[in-house]
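Coordinate analysis (summary)
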Amino acid sequence: MSEMITADLVDLDLSADSKQAAARSLAGRMAALGRVTDLDGFLADVAAREAQAPTGLDGGIGIPHCRSTHVTEPTLAFGRSAAGIDFGAPDGPADLVFLIAAPAGADDAHLTILSALARRLMDADFTAALRSVRHPAAAAALIRGDRAPEPAADSTEGAESTDDTEGTEGKAGKEDKAGKEDKAGKEGTEGAGGAVEAVGSPASTAADGRPSDGTSDERAGSGGEAAGPPVFRIVAVTSCPTGIAHTYMAAEALENAGRAAGVEVVVETQGSAGFTRLDPAVIAAADGVIFAHDVPVRDKDRFAGKPTVDVRVAAGINRPGELIDEVRRKAARGETTPAAAHAAGAGGAGAGTPVERSGERGDGYGTKLRTWLMSGVSYMVPFVAAGGLLIALGFAIGGYRIDKAPSVVDHFVWTQAGSWAALLFQIGQVAFAFLVPVLAGYIAYGMADRPGLVPGFVGGSVALTVDAGFLGGLAAGLISGGVVMAVQRVRIPAVMRGIMPVVVIPLLSSAVTGFLMFVVIGKPIATAQRAMTDWLSDLTGTNAVLLGALLGLMMCFDLGGPVNKVAYTFATAGIAVSDPSGSAMKIMGAVMAAGMVPPLAMALATTVRGRLFNRTERENGKAAWVLGLSFITEGAIPFAAADPLRVIPSAMAGGAVTGALSMAFGATLRAPHGGIFVVPLIGNPLLYLVAIAAGVVTTTALVIVLKTLRRPAPDATAGASGATTGQEDSADVAQPVTV
């Protein structure tokens, strides 16, 4: 396998004036070597990662990175800028730029190598050597680790023995960047000789997850004391959306800062290459916890009951010393997070359900209810998509009487298209049969964890038996989760704890849920379900058009968020039967059509009036064509996040137009997903496309008009970035979205 960085991937005179231009320049080198197959597609992935959080670091470092399907092998490109490029770091522009490209399915070994580079960037000797190196081949060798950097004290001699001892490049690297080197290294390089590898730091761990032998003793005895106060111990977790760079840089920074402060820091990196859980004994012995993360911490309840500092991953890189001081102050005040209450026999009910562990502490019941319902819907949607598409294909191949075909178990002719159509249709029916049980089971799972699955599935099946349908599944899931949570709160003798999760809880909760669904609430819910179905069937004329407009507004309001999911779930519930009504199929068609409008409109707007958008938005616009055609409404999120007051109202207007027209035209859809690729399965397909086009034109026109009322994005015209020294107008440019 070729090396991840070679001399051809190094640019020691990077002349780009913006982070987008820098990424394009370095990515072009990757494309020239065949390591990037689609330059624009790859840059769109880089921009999408950049929109999540800045990739600039203190010390003059920019590290744009992403995982992309357009990358053939893990690759690293390096550029050095004399003027500096703004990557959003607190201390100003970056002169060292590393573009990391990883394939979407990169193996663990390569991701581990990339993470090792991320750790090395926290070493001042390493960055000093890169600032003074004069030849691309030597820079590539330094980054690969083929040659070690000179100690920081000797950096005035240069990083390349005889070749780099003199010259303008070395002089600029030593004089102009000295302040940045000091800032990057002051947190933790003191007394270490610039250790590069994680195993060389005091926070390195043994194979069992505990600190290496002698570490604690060495720290405790520093300063000439034979014995001192106990060493303060911290466990930390670092993670970022890509899991390649920031995850490991934050870990290295925390370890270095801990060494400088005489604190024992052990870090669990939850990166792309997976993660190894810290030994429970190490966590139990810790005096404090630091979470530096941009994605949810996995198994967060392991760290409950301790003083905790919870910050973004960038804070772990830029101010690790402050985080360590903060957690020590919390420990001194006795300020801890609530301990995880592992209820007897309940399998640790108090530890929180999967939904609760990923949510925010203190959420109200309304928020929790919505999250529980969305948990069930998220597991149900793949069954809807698979079953719906199979049924639609069956109708497309075999005609609309395919539902009357005999079972393929008894009659299947390999050479007849009708038999294959019947097979697809009947497989789809089987998939649809799981919808309500899966919905109920995973609502209960979101409430009560695994013990909720059995009564949830049982309750969902009962809902089908009594014809309570989708509404019955919702009720069964909530009842099942509530019953399990109630049982888990009962104190039981220690001797029964072992059989609670496998016998007692499933038995009691299934019996109670089944009784309530069969005898008490099943029939009333079935009546309500039939009433809703009849109402939908009677929708005609103005009422149908108004419903289509309302659903279109909902689909485009939050672009894939909870309101969007409510509209989509309402539509899929109507077709999640073997013989959906015509009105239900019209609603499904209107919902999908409206959901395609926002990304397609933004793609069109960036094409016809590109000067109103910055480079990142124009790159995102190219990807939005495919996303919109595929019915992925989230393709418009980068535009809405950058300019919500102009984009969201425009998208809602276009969605309402499309939804209303789709209902007025009577376009029907049996498939719950697929976008433009299932048009052959749509009733009145030409008018359906007209409805989509009308909404796209409406949104595009409104966005262009609203954006024209302000000046163009600063990097849309030549020379604008130079006038602002790399700072972009926040009113016109997509700023990193932090939630």
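Residues numbered from 1 in each chain as written. Predicted model: local features only at pLDDT ≥ 70, side-chain atom pairs only at ≥ 80, totals over all residues. Heavy atoms only, no water.

1. Observations regarding the overall build of the protein chain
If you tally the helices and strands in the protein chain, you get 28 helices and twelve strands. Of all 739 residues assigned to the protein chain, the portion counted as buried reaches 51%. Of the contacts made within the protein chain by residues no fewer than 6 positions apart, 72% connect residues no fewer than 24 positions apart. Carbon and sulfur atoms form 60% of the exposed surface of the protein chain, whose accessible area is close to 30900 Å². (Helix = DSSP H or I, 4+ residues; strand = E, 2+ residues; numbered from the N terminus. Buried < 20%, exposed > 50% of the residue type's maximum accessible area, 1.4 Å probe, protein only. Contact = heavy atoms within 4.5 Å. Areas by Shrake-Rupley, 256 points an atom, 1.4 Å probe, with all protein chains shown as cover.)

2. A look at the pattern of salt bridges
If you walk through the whole model with that rule in mind, you get 15 salt bridges. The residue Asp-310 makes a salt bridge to Lys-300 at a minimum N-O spacing of 3.2 Å. Of this pair, Asp-310 sits in strand E10 (residues 308-311) while Lys-300 sits in the loop between strand E9 (288-293) and E10; the two residues are ten residues apart in sequence, bridging distant segments of the chain. By relative accessible area, Asp-310 is classed as partly exposed at 41%. Take Lys-300: its relative accessible area is 26%, and that puts it in the partly exposed class. The salt bridge involving Asp-643 is made with Arg-646; its shortest N-O contact spans 2.9 Å. Under the relative-accessibility criterion, Arg-646 is labelled partly exposed at 23%. Taken together, the shared-partner salt bridges connect Arg-24, Asp-40, Glu-619 and Lys-622 into one network. (Salt bridge = Lys/Arg side-chain N within 4 Å of Asp/Glu carboxyl O.)

3. Some remarks on the side chain of Thr-513
As for its position among the elements, Thr-513 is in helix H19 (residues 500-520). Among the polar contacts made by the side chain of Thr-513, one reaches the side chain of Ser-480 at a distance of 3.5 Å. Look past the residues within four positions of Thr-513 in its chain and what remains in contact with it is Pro-455, Gly-459, Ala-476, Ile-479, Ser-480 and Val-483. (Polar contact = N/O pair within 3.5 Å; in protein donor to acceptor, adjacent residues only side chain to side chain.)

4. Some words on the side chain of Asp-11
Checked against the element boundaries, Asp-11 lands in strand E1 (residues 10-11). Among the residues examined, Asp-11 registers a relative accessible area of 12% and is labelled buried. Separated by 3.0 Å, the side chain of Asp-11 and the backbone nitrogen of Asp-13 make a polar contact. Those residues in contact with Asp-11 that lie beyond four places of it in its chain are Ser-25, Leu-26, Arg-29, Phe-78, Gly-79 and Arg-80.

5. Remarks on the nonpolar core
With 50 residues, the main nonpolar core has Phe-42, Phe-78, Phe-98 and Ile-143 as its most contacted residues. If you list the elements that add at least two residues to this core, you get helix H1 (19-32), helix H2 (39-52), strand E5 (75-85), strand E6 (94-103), helix H4 (124-132), helix H5 (136-144), helix H9 (246-261) and helix H11 (313-318). No other element matches E6, which puts seven residues into this core. One finds Ile-391, Met-447, Ala-448 and Val-487 within the second-largest nonpolar core, a separate group that totals 39 residues. (Core = buried A, V, L, I, M, F, W, Y, C linked by side-chain atoms within 4.5 Å.)

6. Focus on the packing of helix H16 (residues 435-448) against helix H18 (residues 469-488)
Closest axis-to-axis distance for the H16/H18 pair is 8 Å, and the angle between their directions is 30°. In terms of orientation, H16 and H18 fall into the roughly parallel class. In the crossing of H16 with H18, the sense of the turn from one axis to the other is right-handed. (Axes fitted to C-alpha atoms, helices over the stretch in contact; angles between N-to-C directions. Parallel < 35°, antiparallel > 145°, perpendicular 65-115°, else oblique. Left-handed = near helix turned anticlockwise from the far one by under 90°.)

7. Notes on the pairing of E9
In terms of burial, E9 is a largely internal element, six of the six residues being buried. Side chains Gly-288, Ile-290 and Ala-292 of E9 all project onto a buried face; the interleaved residues Val-289, Phe-291 and His-293 project onto the opposite face, where all are buried too. Bridge count for strand E7 (residues 233-239) against E9 is six bridges, and the pairing is parallel. When the bridges of E9 are listed, Thr-238 appears paired with Ala-292. Bridge count between E9 and E10: four bridges; the pairing is parallel. (Pairing = 2+ DSSP bridges.)

8. Comments concerning the environment of Val-327
Position of Val-327 among the secondary structure elements: in helix H12 (residues 320-333). Under the relative-accessibility criterion, Val-327 is labelled buried at 0%. Considering only alpha carbons, one finds Val-327 and Thr-308, 19 residues apart in sequence, at a separation of 6.2 Å. Among residues more than four places away in sequence, those in contact with Val-327 are Phe-232, Ile-234, Gly-288, Val-289, Ile-290, Pro-307 and Val-309.

9. Describing the packing of aromatic side chains
A complete count under the given rule lists twelve aromatic pairs for this structure. Seen from their ring centres, Phe-412 and Trp-420 are 5.1 Å apart, and the 80° between their planes marks the pair as edge-to-face. The class for Phe-412 is partly exposed, based on a relative accessible area of 25%. Consider the rings of Tyr-442 and Tyr-445, whose centres lie 5.6 Å apart with planes at 75°: the pair is edge-to-face. Highlighted residues: Tyr-442 and Tyr-445, both in helix H16, separated by three residues, approximately one helical turn. Given the relative accessible area of 19%, Tyr-445 is considered buried. Among the aromatic residues, ring-to-ring pairing joins Tyr-379, Tyr-442, Tyr-445 and Phe-457 into one connected group. When the ring centre of Phe-232 is taken as origin, the NZ or CZ atom of Arg-328, which lies over that ring, is 5.4 Å away. (Phe/Tyr/Trp six-rings, centres within 6.5 Å; stacked < 30°, edge-to-face > 60°. Lys NZ or Arg CZ within 6 Å of the ring centre and 35° of its normal.)

10. Considerations on the packing of helix H17 (residues 453-465) against H18
Interhelical geometry of H17 versus H18 gives an angle of 150° and a closest axis separation of 8 Å. Taken together, the axes of H17 and H18 are roughly antiparallel relative to one another. The chirality of how H17 crosses H18 is right-handed. Of H18, the residues touching H17 (which contributes Pro-455, Gly-456, Gly-459, Gly-460 and Ala-463) are Gly-469, Gly-472, Gly-473, Ala-476, Ser-480 and Val-484. When grouped by side-chain class, the residues that make up the contact of H17 with H18 number four nonpolar, seven polar and no charged. (Nonpolar A, V, L, I, M, F, W, Y, C, P; charged D, E, K, R; others polar.)

11. A closer look at helix H27 (residues 685-708)
Along its 24 residues, H27 runs 34 Å from first to last C-alpha, staying within 8% of the 34 Å computed at 1.5 Å per residue. Among the residues making up H27, those that are buried are Tyr-688, Ala-691, Ile-692, Gly-695, Val-696, Thr-699, Thr-700, Val-703, Ile-704 and Lys-707. (Expected span 1.5 Å × (residues − 1).)

12. Section: the confidence of the model for the protein chain
A residue-level look at the protein chain finds 75% of positions with pLDDT of 70 or above and a mean pLDDT of 76. Across the protein chain, the element-wise mean pLDDT spans from 38 in helix H28 (residues 720-723) up to 94 in H27. A low-confidence stretch, residues 355-362 stays under pLDDT 50, and its non-local contacts, those more than four residues away or across chains, total eleven contacts. (pLDDT = per-residue confidence, 0-100.)

13. A word on a nonpolar patch on the surface
Taken together, the side chains of Val-495, Met-496, Ile-499, Val-502 and Val-503 define a hydrophobic patch exposed on the protein surface, amounting to about 460 Å² of accessible area. Given the relative accessible area of 31%, Met-496 is considered partly exposed. (Patch = residues over 30% accessible without salt bridge, like charges linked within 9 Å, V, L, I, M, F, W, Y side chains within 5 Å.)

14. Considering the sheet that holds E9
Read from one edge of the open sheet, four strands run E8-E7-E9-E10, paired in parallel fashion. At either end of the open sheet lies a strand with only one pairing partner, and these are strand E8 (264-269) and E10. The average undirected angle you get between the axes of adjacent strands in this sheet is 15°. Here E7 runs beside E8; their pairing, made up of six bridges, is parallel. Of the residues in E8, the one forming a bridge with Val-235 is Val-266. Contacts from H12 reach E7, E8, E9 and E10, with the element oriented near 145° to E10.

15. Regarding the environment of Arg-119
Looking at the secondary structure, you find Arg-119 in helix H3 (residues 108-120). A relative accessible area of 12% places Arg-119 in the buried class. The spacing of Arg-119 and Glu-252 is 133 residues in sequence and 5.4 Å in space, taken between C-alpha atoms.

16. Observations regarding H5
Those residues of H5 not exposed but buried are Ala-138, Ala-139, Ala-140, Ala-141, Leu-142 and Ile-143. One or two steps after H5, the chain reaches Gly-145, where phi turns positive at roughly 90°.

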